[in-house]
Amino acid sequence: MANTVYLASDVNFLEKTLNGGINDTAATITLNNTTSIKVPGYAVINRVNSAGVATPNSREVISYTGISGNDLT
C-alpha cells in the first residue's frame, strides 16, 4: 500500500490559535475560535519551543471529525 502525503497550501489558509496546551493523548483541541473551519478536516500545528522560537521540523498534522464550540474533536 502506498503512503499518502497531503500538502497544505501556503495561500488561502486559516490561521487559528490554540487556547491552551495539548499533548500526545489529547482527544480535543481547543482554539480561540473556530469561525470558518470546515468539518471534517486536517490541521497543521506549528510548534514553538520553550523560548518561543518556531520549530518547523516539529510540525504536527492532525485530523478532526467535528467541532463543538471552540473545540476540534
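Cut-off values and rules
Residues numbered from 1 in each chain as written. Predicted model: local features only at pLDDT ≥ 70, side-chain atom pairs only at ≥ 80, totals over all residues. Heavy atoms only, no water. Patch = residues over 30% accessible without salt bridge, like charges linked within 9 Å, V, L, I, M, F, W, Y side chains within 5 Å. Areas by Shrake-Rupley, 256 points an atom, 1.4 Å probe, with all protein chains shown as cover. Salt bridge = Lys/Arg side-chain N within 4 Å of Asp/Glu carboxyl O. Buried < 20%, exposed > 50% of the residue type's maximum accessible area, 1.4 Å probe, protein only. Pairing = 2+ DSSP bridges. Helix = DSSP H or I, 4+ residues; strand = E, 2+ residues; numbered from the N terminus. Contact = heavy atoms within 4.5 Å.

> Outline a nonpolar patch on the surface, listing residues and values.
A surface patch of nonpolar side chains, amounting to about 310 Å² of accessible area, comprises Tyr42, Val44 and Val61. For Val61, a relative accessible area of 57% corresponds to the exposed category.

> Describe the sheet that holds strand E1 (residues 29-30), listing the residues and the values that go with them.
Taken in spatial order, the 3 strands of this open sheet run E1-E5-E4, and their pairing is antiparallel. Either end of the sheet is taken by a strand with one partner, and the two such strands are E1 and strand E4 (67-68). The sheet contact formed by E4 and strand E5 (residues 71-72) spans 2 bridges and is antiparallel. Directly across from Ile67, in E5, lies its bridge partner Leu72.

> I'd like a description of the environment of Val61, backed by residues and values.
Mapped onto the fold, Val61 is located in strand E3 (residues 60-64). When sequence neighbours within four positions are dropped, the list of residues in contact with Val61 reads Tyr42, Ala43 and Val44.

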